[in-house]
Amino acid sequence: MVIKITDQISNSVQKQDPFAKLLGDFGRWQFLVFGTVSLVKLSSGWVQMAILFLIPNLTFWCANLPNATEELLNNTCYKECLEYKYDVSPFDNTIVSEWDLICERRWLASFTQMMLQLGVLVGSVIFGFLSDRYGRKNTFLVAILTVILFGLGIPFSPNYIVFTTLRTFLGMATAGTMVVSFVIVMESVGPRYREVAGCLFQIPFIIGHMTVPLFAYYFRSWDKYTLALGIPPLIYLGYFFTLTESPRWLVSHGRVEEATKIVKKAAAINNLPTAKIEDTLTQLSQEIRKNSEEPRLNYTALFQKSLVAKTACCSIMWLVVGIIFFGFNQYISQTSPDPFISVALAGVIQIPSNLISIWLIKRFGRRLTISIFYILGGVVVIILYFVPKIFAITLTLGTLGVSCAAIVATSIYIYTSELYPTVVRNMGIGASSTSMRIGSMLAPFIADTVVSVPWMPTAIFGVAALVAGLVCLLLPETKGSTLPDSIEDVQNVK
């Protein structure tokens, strides 16, 4: 789904992208598209990382236990307790204290994040389909409007069920903005810059992650905090006046006249000739629509003999990415004496990690880079449990672990897209992304075990990363290799 039209074009013109020939690989027009559309990733960071300050570990005690005969202990559940009270410092109120998400109800705190990630998973499928069927622009605008409405509705949730339901729909809408925005960017940028653009596209998400602690610091009640996170996306209403449809999508659906207007304007912005654009797009549209009449493969193709090992390995690696990235971030926020600083630095460290990953995969290759940083991250996480609980030490190891996860998360997308042939590349990435979402759904429950079994989270995060690093070594290196077009071509990737 991500670059479907690009893949169709590349079947016949692998080395020279027709749109890049008309518009260039990356000019002022692509910069404007990239710079404006990628801003939507800010809210993606806010939505998915908001949980870090919604369910902190709190000290609680029973304030009303009939016929109590002994001293009541903190953080202890009593079967007949009628009322619990909380020390919410440094916050004023959280959803844990608001709806008593402790003792037998503690799992509900992690469940609300699981439902958000389930919404992201479902939303990726729904909005991906809608963007292919009805266009990138209209689908993107629907997703934006939905994000705004649900984001502003969450602070006024009267109970836990409404709160979690609204967050589930917010996750679906957020997935729509993520999926469609990435498609728009990738369909605008030429082949030479897609690698870099794909990495830099994640920067606004990281900035969103970094700024979540600022919202939490100044708005320490859960309702004011979520309202503060819900107001900035109102600026996205500007997309209704500035966003244009993807020319590639228009051409693939035979709407050449509309595509021509956009491409001519874009070519003029990039100081490129505008002659014969309509003729070129007409011919291209005919070729694409002719190819679309050929039989299409389905997801069962991913389990053919030449691909089944890749599919299994990629599913494991992406599952672990979801577990360690989201779970470890939550673990750090719950165990740090100063969650504001810890979460902010965990976000900050991802920017150089994201940038350095571009150099690493070019210099050392995809497989070795991903494997090394999986293993390094796993070792760091395991060590974290055994070192003295000194803030400077745990903060350093924690941010290093997040940095390793960020490098893997950035590199693995490029690696996966190169492992699969053109005819099933979108499906391969889609299946892998689904595995990551399942991992992100499991992550909060794993992180939450720190309360009952302190060693459990670091053990699971660490061992999972080590296993994924070893699994990666089973795959071939793709650096410098020609992208395979057919399933038969996969045999030639070494």
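Procedures and definitions
Residues numbered from 1 in each chain as written. Predicted model: local features only at pLDDT ≥ 70, side-chain atom pairs only at ≥ 80, totals over all residues. Heavy atoms only, no water. Helix = DSSP H or I, 4+ residues; strand = E, 2+ residues; numbered from the N terminus. Rg over C-alpha atoms; globule rule 2.2 N^0.38 Å. Buried < 20%, exposed > 50% of the residue type's maximum accessible area, 1.4 Å probe, protein only. Contact = heavy atoms within 4.5 Å. Areas by Shrake-Rupley, 256 points an atom, 1.4 Å probe, with all protein chains shown as cover. Lys, Arg positive; Asp, Glu negative; His and termini not counted. Charge placed at Lys NZ, Arg CZ, Asp CG, Glu CD. Phe/Tyr/Trp six-rings, centres within 6.5 Å; stacked < 30°, edge-to-face > 60°. Polar contact = N/O pair within 3.5 Å; in protein donor to acceptor, adjacent residues only side chain to side chain. Axes fitted to C-alpha atoms, helices over the stretch in contact; angles between N-to-C directions. Left-handed = near helix turned anticlockwise from the far one by under 90°. Nonpolar A, V, L, I, M, F, W, Y, C, P; charged D, E, K, R; others polar.

Scanning the protein chain from N- to C-terminus turns up 22 helices and 2 strands. Relative to a compact globule of 494 residues, whose C-alpha radius of gyration would be 23 Å, the protein chain shows 24 Å and is just as compact. With respect to the principal axes defined by its C-alpha atoms, the protein chain has extents near 90 × 45 × 40 Å. Looking at the protein chain residue by residue over its 494 residues, the buried ones come to 56%. Within the protein chain, contacts between residues separated by at least 24 positions form 80% of all contacts whose residues are at least 6 apart in sequence. Approximately 21500 Å² of the protein chain is accessible, and the part contributed by carbon and sulfur atoms is 64%. In the protein chain, which carries 37 positive and 31 negative side-chain charges, the distance between the mean positions of the two groups comes to 8 Å.

The next subject is the packing of aromatic side chains. If you walk through the whole model with that rule in mind, you get 23 aromatic pairs. Aromatic side chains Y217 and F340 sit 5.4 Å apart centroid to centroid with 85° between the ring planes, which places their arrangement in the edge-to-face category. Note that Y217 is positioned in helix α10 (residues 203–218) and F340 in helix α17 (residues 339–348), a separation of 123 residues in sequence. Judged by relative accessible area, Y217 falls into the partly exposed class, the value being 41%. Grouping aromatic residues by their ring pairs yields a cluster made of F53, F91, Y217, Y218, Y225 and F340.

Here T112 shows up in helix α6 (residues 107–134). For T112, a relative accessible area of 0% translates into the label buried. A distance of 3.3 Å separates the side chain of T112 from the side chain of T164, its partner in a polar contact.

Once that is clear, we can look at the packing of helix α9 (residues 191–200) against helix α18 (residues 350–363). Interhelical geometry of α9 versus α18 gives an angle of 150° and a closest axis separation of 9 Å. Relative to α18, the crossing made by α9 is right-handed. Residues E195, V196, C199 and L200 of α9 lie in contact with α18, whose contacting residues are N354, L355, S357, I358 and K362. Across the contact of α9 with α18, the residue classes break down as 5 nonpolar, 2 polar and 2 charged.

For the rest of this paragraph, the subject is unusual backbone geometry. Negative phi characterises most residues that are not glycine, and trans characterises most peptide bonds. P90 follows S89 through a cis peptide bond whose omega is 10°. Here P90 is to be found in the loop between β2 (83–87) and α5 (95–98). The phi dihedral of N75 falls on the positive side, at around 55°, and the residue is not glycine. Among the secondary structure elements, N75 is positioned in the loop between β1 (59–64) and β2. Even without being glycine, D100 reaches a positive phi, approximately 55°. Looking at the element boundaries, D100 is found in the loop between α5 and α6.

The values are spatial; any link to function lies outside them.
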